[in-house]
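Each chain is listed here by its residues.
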Amino acid sequence: MRFADTLLPEFDNEMRITRTLLERIPFDQADTKPNPKSRTLIELASHIANLTRFGQMIVTADERDFAAPGPPIVQQ
């Protein structure tokens, strides 16, 4: 069995779930935070929507270095 034959059905299911989630974001309340330490709903929705790009990057790139140059960024 090819890799794509096992990956694509799972990906399609994840995209269906992701679309359902994004459709439920109340964009009229996009600056709402689920928790005071959380990002806003629009930031969280954007993050989820952008995660799909990692699949393409993983499949098409020979390598990826996620370590940014310099000291790590610390969020407060």
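So, here is what we can say about the structure in this document. (Residues numbered from 1 in each chain as written. Predicted model: local features only at pLDDT ≥ 70, side-chain atom pairs only at ≥ 80, totals over all residues. Heavy atoms only, no water.)

## Looking at the overall build of the chain
Helix and strand counts for the chain stand at 3 helices and 0 strands. For the chain, the α and β elements follow one another from N to C terminus as α-α-α. Relative to its 76 residues, the chain shows a buried fraction of 11%. (Helix = DSSP H or I, 4+ residues; strand = E, 2+ residues; numbered from the N terminus. Buried < 20%, exposed > 50% of the residue type's maximum accessible area, 1.4 Å probe, protein only.)

## Structural notes on a nonpolar patch on the surface
Taken together, the side chains of Leu51, Phe54, Ile58, Val59 and Phe66 make up a nonpolar region of the molecular surface, amounting to roughly 530 Å² of accessible area. Its place among the elements puts Phe54 in helix H3 (residues 52–60). Classification of Phe54 as partly exposed rests on a relative accessible area of 34%. (Patch = residues over 30% accessible without salt bridge, like charges linked within 9 Å, V, L, I, M, F, W, Y side chains within 5 Å. Areas by Shrake-Rupley, 256 points an atom, 1.4 Å probe, with all protein chains shown as cover. Salt bridge = Lys/Arg side-chain N within 4 Å of Asp/Glu carboxyl O.)

## Thoughts on the packing of helix H2 (residues 41–50) against H3
At their nearest, the axes of H2 and H3 sit 4 Å apart, and the two run at 30° to each other. It follows from the interaxial angle that H2 and H3 lie roughly parallel. Residues Ile48, Ala49 and Asn50 of H2 touch H3, and the partners they reach there are Thr52, Arg53 and Phe54. Counted by class, the contact of H2 with H3 contains 3 nonpolar, 2 polar and 1 charged residues. (Axes fitted to C-alpha atoms, helices over the stretch in contact; angles between N-to-C directions. Parallel < 35°, antiparallel > 145°, perpendicular 65-115°, else oblique. Contact = heavy atoms within 4.5 Å. Nonpolar A, V, L, I, M, F, W, Y, C, P; charged D, E, K, R; others polar.)

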